[in-house]
Amino acid sequence: MGTYPKRQRVAAYAVILREDRILLSRLAERVTSEELWTLPGGGLDHGEDPREAVVREIHEETGLDAQVGETAHVYSFHQPRTRRDGRGVDAHSLRIVYDGWVALDAPEPHVVEVDGSTSEAAWVKVADVLDGTVPVVGLVTEALADHRPHRKQRIAAYALVTREDTVLLTRISPQGFHTGAWTLPGGGIDHGEAPRAALEREVLEECGVACAVGELLDVHDLHFGGTAPSGRDEDFHGVHLLFEGTVADDAEPRVVEVGGTTDAVAWVPLADVASGAVEVLDLVRHALEVRASRRSDRG
């Protein structure tokens, strides 16, 4: 038997997760007569950057505009005797797999390219992939086993500002985690920015009032995972510096920042926080408890 001609192919794909589902493409009948799903992606054109190639391929196969991370896993698959385009070949596939994400308000996936290698696109339950309910190529389970959520750590500063029996709170917009819940005014510290200066800036943006930043109450942290507002699968760790804060007695808060993570600001009765009538983040209760404990210790 003669030697098969060698054929090497370099392709780029992405693992795109949303909660308990993964975005997959079904291989067309001209590729396989059986139902078989794969990661969205495909071959690189000559001279094409892999990250640009995978974004292009995802759009062709799913109709969605994706973003991909900076790093990737590379998988090598060698088939010394297989068939391609009706002939026997010695095939070697190099597969570059990125983590990817699409916007939460993206439309339902659908195939854009005509007569391509895929015939359908869908969000598929990861559990159905892992237990074999949905038949997939080996690359899918391999890439899922290696996938890790994007790790994001955010350092932020917040102010506990009270007036009589109320506390100044801001409501989280659809641009942030925990949409609709109320939290303390404040936000992320920019690189090189002093925490107190960052807090003054954030309170002004979110509440439209100047804030005098007082003593540090405590450092609070929060660790959780899930789909971020960007659509990316994230392992999130927030580190929160909690300060006392004061504003002018006649200050009337209003949201100044447009399109940010805050869509409302108000003086909220402390009784509504304690009773749960108003949904607040743990950060709020923690700050109130720390301040109450300090005042109790002082007698």
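Cut-offs applied
- Residues numbered from 1 in each chain as written.
- Predicted model: local features only at pLDDT ≥ 70, side-chain atom pairs only at ≥ 80, totals over all residues.
- Heavy atoms only, no water.
- Helix = DSSP H or I, 4+ residues; strand = E, 2+ residues; numbered from the N terminus.
- Rg over C-alpha atoms; globule rule 2.2 N^0.38 Å.
- Buried < 20%, exposed > 50% of the residue type's maximum accessible area, 1.4 Å probe, protein only.
- Phe/Tyr/Trp six-rings, centres within 6.5 Å; stacked < 30°, edge-to-face > 60°.
- Lys NZ or Arg CZ within 6 Å of the ring centre and 35° of its normal.
- Expected span 1.5 Å × (residues − 1).
- Arc of directions from axis to C-beta.
- Patch = residues over 30% accessible without salt bridge, like charges linked within 9 Å, V, L, I, M, F, W, Y side chains within 5 Å.
- Areas by Shrake-Rupley, 256 points an atom, 1.4 Å probe, with all protein chains shown as cover.
- Salt bridge = Lys/Arg side-chain N within 4 Å of Asp/Glu carboxyl O.
- Lys, Arg positive; Asp, Glu negative; His and termini not counted.
- Charge placed at Lys NZ, Arg CZ, Asp CG, Glu CD.
- Contact = heavy atoms within 4.5 Å.
- Core = buried A, V, L, I, M, F, W, Y, C linked by side-chain atoms within 4.5 Å.

A.B. asks: Hey, could you run me through the overall build of the protein chain in this one?
C.D. replies: Assigned secondary structure in the protein chain consists of 6 helices and 15 strands. Scaling as 2.2 N^0.38, a compact globule of 299 residues should have a C-alpha radius of gyration of about 19 Å, whereas the protein chain reaches 26 Å, well beyond that. Seen along its three principal axes, the alpha-carbon backbone of the protein chain occupies a region of about 95 × 35 × 35 Å. For the protein chain, the proportion of its 299 residues judged to be buried stands at 43%.

A.B. asks: I keep staring at the packing of aromatic side chains and nothing clicks. Help me out?
C.D. replies: Both the distance between ring centres and the angle between the ring planes are used here to describe each pair of aromatic rings. Counted under the stated rule, the structure contains 3 aromatic pairs. Arranged with centres 4.9 Å apart and planes meeting at 85°, the rings of Phe177 and Phe224 form a pair that is edge-to-face. Taken together, the residues Phe177 in the loop between β10 (166-172) and β11 (182-183) and Phe224 in strand β13 (residues 212-227) connect sequence positions 47 residues apart. Among the aromatic residues, ring-to-ring pairing joins Phe177, Phe224 and Phe236 into one connected group. Over the face of the ring belonging to Tyr4 we find Arg81, whose NZ or CZ atom lies 5.1 Å from the ring centre.

A.B. asks: Explain helix α6 (residues 282-297) here, please?
C.D. replies: Each turn of an α-helix holds 3.6 residues, which means side chains three or four residues apart point in the same direction. Taking 1.5 Å of rise per residue, the 16 residues of α6 would be expected to cover 22 Å, and the 22 Å separating its terminal C-alpha atoms lies within 8% of that figure. Taken together, the buried positions of α6 are occupied by Leu283, Val284, Ala287, Leu288, Val290 and Arg291. Buried positions in α6, seen along its axis, are confined to an arc of 160° and lie on one side of it. Residues of α6 that are exposed and angled more than 90 degrees away from the buried face: Glu289, Ser296 and Asp297.

A.B. asks: What exactly am I supposed to notice about a negative patch on the surface here?
C.D. replies: A cluster of acidic residues, Glu164, Asp165, Asp249, Asp250 and Glu252, forms a negative patch at the surface. For Glu164, the location among the structural elements is in the loop between β9 (162-163) and β10. With a relative accessible area of 78%, Glu164 lands in the exposed category.

A.B. asks: Honestly, helix α3 (residues 138-146) in this entry has me stumped. Any pointers?
C.D. replies: Turning to α3, its buried residues are Leu139, Val140, Ala143 and Leu144. Each buried residue of α3 lies within a common arc of 130° when the element is viewed along its axis, so the set occupies one face. Buried residues along α3 sit against β1 (6-18), β2 (21-27), β3 (37-38), β5 (66-84), β6 (87-102) and α2 (126-130).

A.B. asks: What am I meant to see in the nonpolar core here?
C.D. replies: One broad rule of soluble globular proteins: the nonpolar side chains tend to lie buried together. Counting 22 residues, the largest nonpolar core has Ile22, Leu24, Leu39 and Val129 as the members making the most contacts within it. For this core, the secondary structure elements donating two or more residues are β1, β2, β7 (118-125), α2 and α3. Setting aside anything within four residues of it in sequence, one finds Ile22 in contact with Val15, Ile16, Leu17, Leu39, Ala122, Trp123, Val124, Val126, Val129 and Leu144. Leu169, Val273, Leu288 and Val290 belong to the second largest nonpolar core, which has 19 residues in total.

A.B. asks: When you look at the pattern of salt bridges in this model, what are you seeing that I'm missing?
C.D. replies: Side-chain pairing between opposite charges can occur once the charged atoms of the two side chains come close. For the structure on display, the rule yields 15 salt bridges. A salt bridge links Glu57 to Arg56, with the nearest nitrogen and oxygen atoms 3.1 Å apart. Classification of Glu57 by relative accessible area gives buried; the value is 9%. Between Asp263 and Arg171 there is a salt bridge; the shortest N-O distance is 2.9 Å. On the criterion of sequence distance, the pair formed by Asp263 in strand β15 (residues 262-269) and Arg171 in strand β10 is long-range, its members being 92 residues apart. By relative accessible area, which is 37% here, Asp263 ends up partly exposed. Residue Arg171 is classed as partly exposed on the basis of its relative accessible area of 31%. Through salt bridges with shared partners, one network takes in Asp45, Glu48, Arg56, Glu57 and Glu60.

A.B. asks: Sorry, what's going on with the environment of Gly176 here?
C.D. replies: You can see Gly176 is positioned in the loop between β10 and β11. On the basis of relative accessibility, which here comes to 13%, the residue Gly176 falls in the buried class. Along the backbone, Gly176 and Thr261 are 85 residues apart, and their C-alpha atoms lie at a distance of 5.2 Å. With near-sequence residues (within four places) excluded, Gly176 lies in contact with Pro229 and Thr261.

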